[in-house]
Amino acid sequence: KNKEKYRLELVKLGFSYEQAKMYYISIFFGADLTSNIHSLYAFSKLKMELGKDNLDRAFKVEMVQELVKEVYEVFSELGDYYKGLAVKSNNGWVLTNCRGITSTFNRWNNAKVLSFIYNGIESSILDYIYLEYLDSLSLMIFDAFILDRELGLKELIELSIKIKNKLGYYVKFEKNKL
């Protein structure tokens, strides 16, 4: 909801703004930040970038602990939901995302499954934007797009409504001037 508030809390601890973003992105992509983090992520980009002291400091912040707990609860509920939709086979669980892409998971891993589902949703939204702005599109990358013209607030709201009506997903856009 208020990602800026969470990021700035880590900046107060000595994180750079980019490191704070990395920390929270890792949580939302399923990094286990609760138990044995130093051996679990001994050689990870997260630990190399942030360092042991920053990881320890961040996890002692009550607001961070509450967010991590909430994210894990959501991951657990969504994981159970998608496990119920998956088909059990001899090779594991077979699941199809909104793009119609099928993947087999040898063992169930909520983070990997939700990442697969999320990437399908994100790419379908980007495909919609691509077709909508083909004439003025300059660049698309991950979860962003750049046009050769500025979109007004009304046009962004209309785009959000179109995506909701066509794909079923509510998208909240942010504008950043380059």
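Residues numbered from 1 in each chain as written. Predicted model: local features only at pLDDT ≥ 70, side-chain atom pairs only at ≥ 80, totals over all residues. Heavy atoms only, no water.

1. Overview of the overall build of the protein chain
Stage number 1. Along the protein chain, the regular secondary structure elements total seven helices and five strands.
Stage number 2. Across the 178 residues that make up the protein chain, the buried fraction comes to 35%.
Stage number 3. For the protein chain, restricting intrachain contacts to residue pairs at least 6 apart in sequence, the fraction spanning at least 24 positions comes to 42%.
Stage number 4. A total accessible area of about 11,900 Å² is found for the protein chain, and carbon and sulfur atoms account for 55% of it. (Helix = DSSP H or I, 4+ residues; strand = E, 2+ residues; numbered from the N terminus. Buried < 20%, exposed > 50% of the residue type's maximum accessible area, 1.4 Å probe, protein only. Contact = heavy atoms within 4.5 Å. Areas by Shrake-Rupley, 256 points an atom, 1.4 Å probe, with all protein chains shown as cover.)

2. Some details on the nonpolar core
Stage number 1. By size, the foremost hydrophobic cluster in this structure holds 40 residues, and its most contacted members are Leu-10, Tyr-23, Tyr-24 and Leu-95.
Stage number 2. At the level of secondary structure, the elements contributing two or more residues to this core comprise helix H1 (3–12), helix H2 (17–28), helix H4 (45–60), helix H5 (62–85), strand E2 (92–96), helix H6 (110–132), strand E5 (144–147) and helix H7 (153–167).
Stage number 3. At nine residues, H6 tops the list of elements feeding residues into this core.
Stage number 4. Each residue touching Leu-10, except ones within four places of it in the same chain, is listed here: Phe-15, Ala-20, Tyr-23, Tyr-24, Ala-58 and Val-64. (Core = buried A, V, L, I, M, F, W, Y, C linked by side-chain atoms within 4.5 Å.)

3. Considerations on the pairing of strand E3 (residues 102–105)
Stage number 1. Bridging between E2 and E3 involves four bridges; their strand directions are antiparallel. From the neighbouring strand, Leu-95 faces E3, where its bridge partner is Ser-103.
Stage number 2. Where E2 folds back on E3, the antiparallel hairpin that results is connected by five residues, among which Gly-100 adopts a positive phi of roughly 85°. (Pairing = 2+ DSSP bridges.)

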